[in-house]
Amino acid sequence: MKLALKIVTVLFLMVLSPLSGQKISDDSLMQKARIEIYDNPDNAINICKTLFKREKDINNQISILLLISTANIAKRDFDQSLQYIVKAKELALQTNDLKTQIKVLISAAVQYQQMELFSKSLETLNEVETYIAKLPDEAPEKHSESGRSYAIRGMIYKSQSNPEIALEKLLISIRHFEKVITREGTYANISVVFYNIGYCYIKLNQLEKAHQAFLQSMDFAKKNQAKSLEAFALKGMAEVYKQKRENETALKLLIQAEDLCKNTGDLTLNEGIYKEMAENYLALGQPAFYQKYNKKYFEMRFQRAQNELKSINHAINNHNRETLMKSRELTSHYRFLTAIIVGLSLLIIGVLLFFIVKVRKKNIKFQKHIQQIIRS
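Residues numbered from 1 in each chain as written. Predicted model: local features only at pLDDT ≥ 70, side-chain atom pairs only at ≥ 80, totals over all residues. Heavy atoms only, no water.

A. Expanded view of the overall build of the chain. Across its full length, the chain carries 14 helices and zero strands. Traced from its N-terminal end to its C-terminal end, the chain shows the element sequence α-α-α-α-α-α-α-α-α-α-α-α-α-α. Counting every position in the chain, which comprises 376 residues, the buried fraction comes to 49%. On the chain, roughly 19,200 Å² of surface is accessible, and the fraction owed to carbon and sulfur atoms is 55%. (Helix = DSSP H or I, 4+ residues; strand = E, 2+ residues; numbered from the N terminus. Buried < 20%, exposed > 50% of the residue type's maximum accessible area, 1.4 Å probe, protein only. Areas by Shrake-Rupley, 256 points an atom, 1.4 Å probe, with all protein chains shown as cover.)

Printed below as a string of structure tokens:
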């Protein structure tokens, strides 16, 4: 069940600023990459790498790197995804653009959430909130980024088996996205949020509400022409029918989902579909099909686990590197403060010594003068 309920947040990196100052062909290529990220992530990555080589604007470079990272998340290659996030964060240090910094941080939060490093993800989201608060109220990014932030929080609570709290966060996310419904990527965002809402209702045993949520997820996925998101919605609906013991209907939906996602390379999606198919075939008393899809399920699970292990190792290395950098900054800061304190202390001591010597000279002069008066 845990894998069947695994959260997918591929789309939450999709609200990226379009390239500006580029020729029309580059804009078209970027748009093509955004579309193909769902169903052909390898091609999206190749397009972005080509664009990155000739892009000069740092904010656009960051957007391209985040899109490459997203495409790797779609493939469940967290190791590659994390490396491009790190590159984007390094470039973000060179810009003061608030919106770019928010995008990078939210991308990092998604990465940590996908790797189930929930405390690190929440820590990053808390940092994001301080940046979002600085955006003007009329800025559409205030709602789109708040929507993504609440969606990630909701998915974390859902993964931690807190469906009530998760629903609260996810519904707030929907309200934010509805205020910027015309922005690029919003349909995809809403599709994924409803997908997660559906599984929250399943955990609460409210199957009709779950079914309605998956239908809405399907509707927004179609508006975005994202086959992989349709496949997720179908998998969710199949879960509802399995809970109702309508296994044949569930299998029909899962077969549709398998066909839709055959080119995406999404290990988690395939893993979930194969697991559900195996369980439904077992319930129908078809052991041969059960063994076939159970084997596929374990193959996908093993491959995903290997990818995640590499990613976690890189995440640990990056965390250690960030900690070391912060430690060096603090050490440098304290050395600077120590130097200032020592300098001020020496200055104060010097001034005191000056006045002490001056006062002593005056005292000696007065003593001599007094002695002369006495003698006379």
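So much for the structure itself; the text now carries on.
B. Representation of the side chain of Lys 169 within the structure. Turning to its location among the elements, Lys 169 is positioned in helix H8 (residues 163-178). There is no salt bridge for the buried Lys 169, and the closest opposite charge comes from Glu 168, which lies 4.4 Å off by N-O distance. Once residues lying within four places of it in the same chain are set aside, the contact partners of Lys 169 are Tyr 150, Arg 153, Gly 154 and Tyr 157. (Lys, Arg positive; Asp, Glu negative; His and termini not counted. Salt bridge = Lys/Arg side-chain N within 4 Å of Asp/Glu carboxyl O. Contact = heavy atoms within 4.5 Å.)

C. Local environment of the pattern of salt bridges. Scanning the entire structure with this criterion turns up nine salt bridges. Of the charged contacts in the structure, one is a salt bridge between Glu 279 and Lys 275, with a shortest N-O distance of 2.7 Å. With Glu 279 and Lys 275 both in helix H13 (residues 267-283) and four residues apart, this pair spans about one turn of that helix. You can call Glu 279 partly exposed: its relative accessible area is 28%. What makes Lys 275 buried here is its relative accessible area of 9%. Via salt bridges that share partners, Glu 239, Lys 242, Lys 275, Glu 276 and Glu 279 belong to a single interconnected network.

D. Local environment of the nonpolar core. In this structure, Ile 152, Ile 197, Phe 214 and Met 277 are the most contacted members of the largest nonpolar core, which totals 61 residues. Other than its neighbours up to four places away in sequence, Ile 152 contacts Ile 106, Ala 109, Val 110, Gln 113, Ser 121 and Leu 125. (Core = buried A, V, L, I, M, F, W, Y, C linked by side-chain atoms within 4.5 Å.)

E. Seen up close, the environment of Gln 206. By secondary structure assignment, the location of Gln 206 is in the loop between helix H9 (186-203) and helix H10 (207-223). By relative accessible area, which is 30% here, Gln 206 ends up partly exposed. Placed 34 residues apart in sequence, Gln 206 and Val 240 show a C-alpha to C-alpha distance of 9.6 Å.

F. Inspection of the confidence of the model for the chain at higher detail. Per-residue confidence for the chain averages 82 on the pLDDT scale, and 81% of its residues sit at or above 70. Of all secondary-structure elements in the chain, the lowest mean pLDDT belongs to helix H14 (residues 287-375), at 70, while H8 reaches the highest, 96. Low confidence marks residues 1-24, where pLDDT is under 50. Its contacts with residues over four positions away, or in another chain, come to 100 contacts. (pLDDT = per-residue confidence, 0-100.)

G. Highlighting the environment of Ser 121. Considering the arrangement of structural elements, one finds Ser 121 in helix H6 (residues 118-132). Counting along the chain gives 14 residues from Ser 121 to Ser 107, while the straight-line C-alpha distance between them is 9.8 Å.

H. The arrangement of the packing of helix H12 (residues 247-260) against H13 in detail. Two numbers describe how H12 lies on H13: the axes approach to 10 Å, and their chain directions differ by 155°. Relative to H13, the element H12 lies roughly antiparallel. Seen along the crossing, H12 lies across H13 with a hand that is left-handed. Together, Asn 247, Ala 250, Leu 251, Leu 254, Ile 255, Ala 257 and Glu 258 of H12 and Ile 273, Tyr 274, Glu 276, Met 277, Asn 280, Tyr 281 and Ala 283 of H13 make up the contact between the two elements. Of the residues belonging to the contact of H12 with H13, the class tally is 10 nonpolar, two polar and two charged. (Axes fitted to C-alpha atoms, helices over the stretch in contact; angles between N-to-C directions. Parallel < 35°, antiparallel > 145°, perpendicular 65-115°, else oblique. Left-handed = near helix turned anticlockwise from the far one by under 90°. Nonpolar A, V, L, I, M, F, W, Y, C, P; charged D, E, K, R; others polar.)

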